[in-house]
Amino acid sequence: GGSMNKADKVFILIVAVCACLLYVPLLWSAYQDAGKEKEVVVSYKDQEILRKDLKINDVYTVKGTLGDVQVEVKDKRVRVEKENSPYHLCSIQGWVEDANRPIVCLPNNIVVQIEANDADEDAVDTVIQ
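Counting from 1, residues in each chain are numbered in the order their sequence is written. Local features in a predicted model are, by the rule used here, given only for residues with pLDDT of at least 70; side-chain atom pairs are given and counted only at 80 or more, and totals for whole chains, interfaces and linings are based on all residues. Side-chain measures were taken over the full set of non-hydrogen atoms in the model, leaving aside hydrogen atoms and water.

**Digging into the pattern of salt bridges**
Inference 1: Here, a salt bridge means any side-chain nitrogen of Lys or Arg that lies within 4 Å of a carboxyl oxygen of Asp or Glu. This structure, assessed with the given rule, holds eight salt bridges.
Inference 2: Across the pair Glu-37 and Lys-55 runs a salt bridge whose closest N-O atoms are separated by 2.7 Å. With Glu-37 in strand S1 (residues 37–44) and Lys-55 in the loop between strand S2 (47–53) and strand S3 (58–64), this residue pair connects regions lying 18 residues apart in the sequence.
Inference 3: Only protein chains enter the accessibility calculation, which uses a 1.4 Å probe; a residue is then buried when its area is under 20% of its type maximum, exposed when over 50%, and partly exposed in between. For Lys-55, a relative accessible area of 49% translates into the label partly exposed.
Inference 4: The closest approach of N and O atoms between Lys-63 and Asp-68, which form a salt bridge, is 2.7 Å.
Inference 5: On the accessibility criterion, Lys-63 (58% relative accessible area) is exposed.
Inference 6: By sharing partners, the salt bridges in this structure join Glu-39, Glu-48, Arg-51 and Glu-115 into a single network. Only DSSP runs of H or I covering at least 4 residues are called helices, and only runs of E covering at least 2 are called strands; the numbering of each starts at the N terminus.

What follows is the structure in structure tokens.
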């Protein structure tokens, strides 16, 4: 059994290394997100009308097609607190802390989204366009 044992050890080592390699990107992306300055960006008909730091707790009022829309920032999350759209489609979307999930307020033509800013990322975006 000596040779068998050595193969087992090599196999275990390979599995351990693979596990680490799989884990590193997760840590890396979490680290990268943590390093980014997140901002709340509110757009009206594709025009940016408000940009605020996600770390600052506050309530902002912006003008939508049907009247005022209140955007609340709290604990690095954002939500539409009050708006005049039928069925309150935007406020029921609740809290968002994810940069990939905008709150779309169609009747008011308002879009609230979180942007994670990172110098390198901007450079990549310019290349793509």
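**A few points about the sheet that holds strand S5 (residues 77–82)**
Inference 1: Each pair of strands is called paired provided DSSP finds at least two bridges between the two strands. Sheet architecture is open: three strands sit in the order S3-S4-S5, paired in antiparallel fashion. Each of the sheet's edge strands pairs with one partner strand only, and the pair in question is S3 and S5. Each adjacent strand pair in this sheet contributes to an overall mean axis angle of 30 degrees, direction not counted.
Inference 2: Bridge count between strand S4 (residues 67–74) and S5: five bridges; the pairing is antiparallel. Counted as the bridge partner of Glu-72 is Arg-79 from S5. Whenever a helix is involved, its axis is fitted only over the stretch in contact; in every case the axis is a line through C-alpha atoms, and angles between N-to-C directions fall within 0 to 180 degrees.

**A few points about the sheet that holds S2**
In sheet architecture, strand pairing relies on hydrogen bonds along the backbone and comes in two forms, parallel and antiparallel.
Inference 1: In space, the four strands of this open sheet follow the order S2-S1-S7-S6, with antiparallel pairing throughout. Whereas interior strands pair on both sides, the edge strands pair on one side only; in this sheet they are S2 and strand S6 (103–105). Neighbour-to-neighbour, the strand axes of the sheet open up by a mean angle of 25 degrees, direction not taken into account.
Inference 2: As paired strands, S6 and strand S7 (residues 110–117) are joined by three bridges and run antiparallel to one another.

This is a description of form; function is not addressed.
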